[in-house]
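Residues per chain, in single letters:
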Amino acid sequence: MGEPIIQLRHLTKRFGSGDGQVRALEDISIDIRAGEIFGVIGLSGAGKSTLVRCINLLERPTSGEVVVDGRDMLRLSSKELREARKSIGMIFQGFNLLMQRTALDNVCFPLELAGTPRREAAGRARELLELVDLAGRADAYPAQLSGGQKQRVAIARTLAASPRVLLCDEATSALDPKTTRDILRLIQDINRRMGITVVVITHEMKVIEEICSRVAILDRGRLAETGAVEEVFASPKSEAGRRLVYPDGVPAEVLSTAADQARVVRVAFNGGTSYQPLIASLAIDCGVKANILGADTRNIDGRAFGTMLLGLPEDGAEKALAYIRSQKDITVEEAADCHG
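Residues numbered from 1 in each chain as written. Predicted model: local features only at pLDDT ≥ 70, side-chain atom pairs only at ≥ 80, totals over all residues. Heavy atoms only, no water.

Draft legend 1. Local environment of the overall build of the chain. In terms of regular secondary structure, the chain is built from twelve helices and 14 strands. Within the span of the chain, comprising 340 residues, buried residues form 50% of the whole. Taking all contacts inside the chain whose residues are at least 6 apart in sequence as the whole, residues at least 24 apart take part in 68%. (Helix = DSSP H or I, 4+ residues; strand = E, 2+ residues; numbered from the N terminus. Buried < 20%, exposed > 50% of the residue type's maximum accessible area, 1.4 Å probe, protein only. Contact = heavy atoms within 4.5 Å.)

Draft legend 2. Focus on the pattern of salt bridges. Counted under the stated rule, the structure contains 18 salt bridges. Glu83 is the salt-bridge partner of Lys86, the closest N and O atoms lying 3.2 Å from each other. Notably, a salt bridge pairs Arg243 with Asp219, separated by 3.1 Å at the nearest N-O pair. Of this pair, Arg243 sits in helix α9 (residues 239-245) while Asp219 sits in strand β9 (residues 214-219), and the two are 24 residues apart along the sequence. One continuous salt-bridge network, built from bridges that share partners, spans Arg101, Asp105, Glu112 and Arg118. (Salt bridge = Lys/Arg side-chain N within 4 Å of Asp/Glu carboxyl O.)

Draft legend 3. Broad picture of helix α4 (residues 118-131). Here α4 contains 14 residues, and its C-alpha end-to-end distance of 20 Å stays within 8% of the 20 Å for a straight helix at 1.5 Å per residue. Listed as buried for α4 are Ala121, Ala122, Ala125, Leu128, Leu129 and Leu131. Looking at the buried side of α4, the elements it contacts are α3 (103-113), α5 (147-159) and α6 (177-194). Just downstream of α4, Asp133 is the residue with a positive phi angle, here 65°. (Expected span 1.5 Å × (residues − 1).)

Draft legend 4. Highlighting the sheet that holds strand β3 (residues 37-41). An order of β6-β7-β8-β3-β9-β10 is seen for the six strands of this open sheet, with the pairing classed as mixed. Each end of this open sheet is capped by a strand with a single partner; those strands are β6 (88-92) and β10 (222-228). Geometrically, the sheet is characterised by an average inter-axis angle of 15° between neighbouring strands, direction not taken into account. Where β6 meets strand β7 (residues 165-169), five bridges bridge the pair, whose relative direction is parallel. Note on β7: the bridge partner recorded for Phe92 is Asp169. (Pairing = 2+ DSSP bridges. Axes fitted to C-alpha atoms, helices over the stretch in contact; angles between N-to-C directions.)

Draft legend 5. Representation of helix α12 (residues 317-325) in the model. When we look at burial in α12, the residues that qualify are Ala317, Ala320, Leu321, Tyr323 and Ile324. Around the axis of α12, the buried residues are gathered within 160° of arc, so they sit on the same side. Seen from the open side of α12, the exposed residues pointing more than 90 degrees away from its buried face are Lys319 and Arg325. (Arc of directions from axis to C-beta.)

Draft legend 6. Summary view of the side chain of Thr202. With respect to the secondary-structure elements, Thr202 resides in strand β8 (residues 197-202). Overall, the relative accessible area of 2% leaves Thr202 in the buried class. Not counting chain neighbours up to four residues away, the residues in contact with Thr202 comprise Val40, Ile41, Gly42, Lys48, Glu170, Val207 and Ile208.

Draft legend 7. Spotlight on the nonpolar core. Within the largest apolar cluster, 52 residues are counted, with the highest numbers of intra-cluster contacts made by Val107, Leu129, Ile155 and Ile187. No other element matches the six residues that α4 contributes to this core. The residues touching Leu129, leaving out its near neighbours within four places in the chain, are Ala103, Leu104, Val107, Leu134, Ala135, Ala138 and Ala156. (Core = buried A, V, L, I, M, F, W, Y, C linked by side-chain atoms within 4.5 Å.)

Draft legend 8. Region of the structure containing the pairing of β9. Within β9, six of the six residues are buried, which leaves it mostly tucked inside the rest of the structure. Here four bridges tie β3 to β9, and the two strands are oriented parallel to one another. Residue Gly39 lies in a different strand from β9, and its bridge partner there is Val215.

Draft legend 9. Looking closely at the environment of Arg214. Within the fold, Arg214 resides in strand β9. Linking Arg214 and Gly227, residues 13 residues apart in sequence, is a C-alpha distance of 5.5 Å. When sequence neighbours within four positions are dropped, the list of residues in contact with Arg214 reads Asp31, Ile32, Arg33, Glu36, Ile37, Phe38, Gly39, Gly227, Ala228 and Val229. In terms of polar contacts, Arg214 uses its side chain to reach the side chain of Glu36, at 2.7 Å. (Polar contact = N/O pair within 3.5 Å; in protein donor to acceptor, adjacent residues only side chain to side chain.)

Draft legend 10. Expanded view of the confidence of the model for the chain. Counting all residues, the mean pLDDT for the chain is 85, and 88% of those residues have values of 70 or more. Considering only residues more than four positions removed or in separate chains, one finds that residues 257-261, a stretch of pLDDT under 50, has four contacts. (pLDDT = per-residue confidence, 0-100.)

Draft legend 11. Seen up close, the packing of α5 against α6. At a closest axis distance of 10 Å, the pairing of α5 and α6 adopts a crossing angle of 20°. One finds that α5 runs roughly parallel with respect to α6. As α5 runs across α6, the sense of the crossing is right-handed. Along its contact with α5, which presents Gly148, Gln151, Arg152, Ile155 and Leu159, the element α6 presents Thr179, Asp182, Ile183, Leu186, Ile187, Ile190 and Met194. Here the contact of α5 with α6 is built from residues that sort into seven nonpolar, three polar and two charged. (Parallel < 35°, antiparallel > 145°, perpendicular 65-115°, else oblique. Left-handed = near helix turned anticlockwise from the far one by under 90°. Nonpolar A, V, L, I, M, F, W, Y, C, P; charged D, E, K, R; others polar.)

Pasting the structure below:
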């Protein structure tokens, strides 16, 4: 990855004043590298959308610095800011298409605003519709398109200005799972083929897992942690990270029912090439019969990540724990220490 293309320094954003003041962002510092797909995740109210809108100054920060592609956005004149925004594309959950215009005309719109001749704009728009796999729908109106097709038109329209940065604010939240995967693959393909830096704002872990290389976790307006996706998912260091990676925690009923007869442990798979047949191995190699109380596993770039809750019999628990700890790319901790 290249040098940082987006630098946020001590970013703070407050709404209102006095007792009613809301601190939407508090002292956020993040570097986003040129050419990467960077994820920002948090629960509702974490400040995600405010953060992304501060990058292109749709929201003006209360304090701090926003540097995009070498330009200090807060020091630009109105004219300079309009020019700078041309290199920062944005797609939204609601598509924001012009309903009285065809797909082709929607993509042409930013080119027309830039003064591009009609024939040239139409030619470029057709190329972009082909890029997003909608060449055959150029004459369709938004009402005739599915949600996924509308988002593809919105992406093509954004690409018309040849941006260097693409901001995606909950861009797949209104789509079904299959369509979401298709749109994420498209965004990934655009990133690879065109070298556009992508910032993905989402509340869904699966979106981050699917396409992001690094992630920042926001919690009530503050930066809880940031790092490579596989590192954060394997071993979240913040309470907010743990809530997102292990949303269900350890069920209280599991702890209570197993308390007098077994040890409950959480096993984490930290990036091996495949999931080990751990339960069978415990039974064969250690003579320990473990109960699976819950599991949440995932695959990121062909590497295994996830967690499994195991109930271990008291008489074989220490032997089983020693065996698990000896395995590569697997960590284990007592469940009583890791539920939130």
